[in-house]
Amino acid sequence: MAAGEDVEVAVRLLAAAERPVLAVETAGRDPEAFAALVELTELLALPVVEPQSAVSSCFPRGNPLHAGGELGPLAADADLVVLLGCRSPWYPPSAKPGNATVLVIDEVPHRPHMAYQVLTADHYVGGAMAPTLRAIITRLHEWGVHEEVVEARRARLAEAHARTEAARVAAEAKALGATAGPCRPGGRRGHAT
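Described below are features of the structure shown in this document. Fair warning: this is a prediction, and the values are worked out from it, not measured in the lab. (Residues numbered from 1 in each chain as written. Predicted model: local features only at pLDDT ≥ 70, side-chain atom pairs only at ≥ 80, totals over all residues. Heavy atoms only, no water.)

### Thoughts on the pattern of salt bridges
Turning to step 1, where the next piece is worked out: Considering all chains together, one arrives at ten salt bridges under this definition.
Turning to step 2, where the next piece is worked out: One salt bridge in this structure joins Arg61 and Glu50, with 3.7 Å as the shortest N-O distance. Here Arg61 is found in the loop between strand 2 (48-49) and helix 3 (71-77), whereas its partner Glu50 is found in the loop between strand 2 and helix 3, with eleven residues between them in sequence.
Turning to step 3, where the next piece is worked out: Put simply, Glu142 and Arg139 hold a salt bridge, and the shortest N to O gap is 2.5 Å. You can see Glu142 and its partner Arg139 sitting in helix 4 (residues 129-143), three residues apart, about one turn around the helix.
Turning to step 4, where the next piece is worked out: On the basis of relative accessibility, which here comes to 53%, the residue Glu142 falls in the exposed class.
Turning to step 5, where the next piece is worked out: Three or more residues are tied together by salt bridges with common partners; here these are Glu8, Arg139 and Glu142. (Salt bridge = Lys/Arg side-chain N within 4 Å of Asp/Glu carboxyl O. Helix = DSSP H or I, 4+ residues; strand = E, 2+ residues; numbered from the N terminus. Buried < 20%, exposed > 50% of the residue type's maximum accessible area, 1.4 Å probe, protein only.)

### Some details on the sheet that holds strand 1 (residues 20-24)
Turning to step 1, where the next piece is worked out: Read from one edge of the open sheet, five strands run 2-1-3-4-5, paired in parallel fashion. Each of the sheet's edge strands pairs with one partner strand only, and the pair in question is strand 2 and strand 5 (123-126).
Turning to step 2, where the next piece is worked out: Where strand 4 (residues 101-106) meets strand 5, four bridges bridge the pair, whose relative direction is parallel. Bridge pairing links Val104 to Tyr124 in strand 5.
Turning to step 3, where the next piece is worked out: Each of strand 3 (80-84), strand 4 and strand 5 touches helix 1 (residues 4-16); the most contacted strand, strand 5, lies at about 125° to it. (Pairing = 2+ DSSP bridges. Contact = heavy atoms within 4.5 Å. Axes fitted to C-alpha atoms, helices over the stretch in contact; angles between N-to-C directions.)

### Describing the pairing of strand 3
The side chains of a regular strand alternate, first on one face of the sheet and then on the other.
Turning to step 1, where the next piece is worked out: Extensive coverage of strand 3 is indicated by the burial of five of its five residues.
Turning to step 2, where the next piece is worked out: Burial along strand 3 is two-sided: Leu80, Val82 and Leu84 and Val81 and Leu83, pointing in opposite directions, are all buried.
Turning to step 3, where the next piece is worked out: The pairing of strand 3 with strand 4 spans five bridges and is classified as parallel. By the bridge assignment, Val81 is partnered in strand 4 with Val102.

Here it is, written out as structure tokens:
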């Protein structure tokens, strides 16, 4: 489990953030960490980015807090970027988001087997993911959450998720429409071989 003072830093940063974003790569390996992540993000209405480098499914894609797979656009406007089990969220290191504070939560924040890992973080919370997230959630409940800020963020994220989902459904329908007609093995569509 993470040290108490590190949990306090994480709680303070999360409670104060106005435009946070969370990127996750490995939480899905552990069902308890997956569940704790969902609980934390629901509590604070945190947008969750699951980049292509994710090693497993880490967050429900149908959840309105799922913000896709591109960290860059959200991080550029963020005041807090939380990296949860991320190896190398931006490359080169100069691609770090402008003025955002970077908080790393990971069992092993700096992986000794990686030859090159630059997280450019301001704060590190090291500890097993599920109990660390649970400790943060408990302290956030004790600390108190700014409900108005959280609900406004939740509404904004739900609207963005609905727009993205509508665009995905439209693109899928268009792609399916382009494949109308019979398809013959070994030949072109609609033509016998």
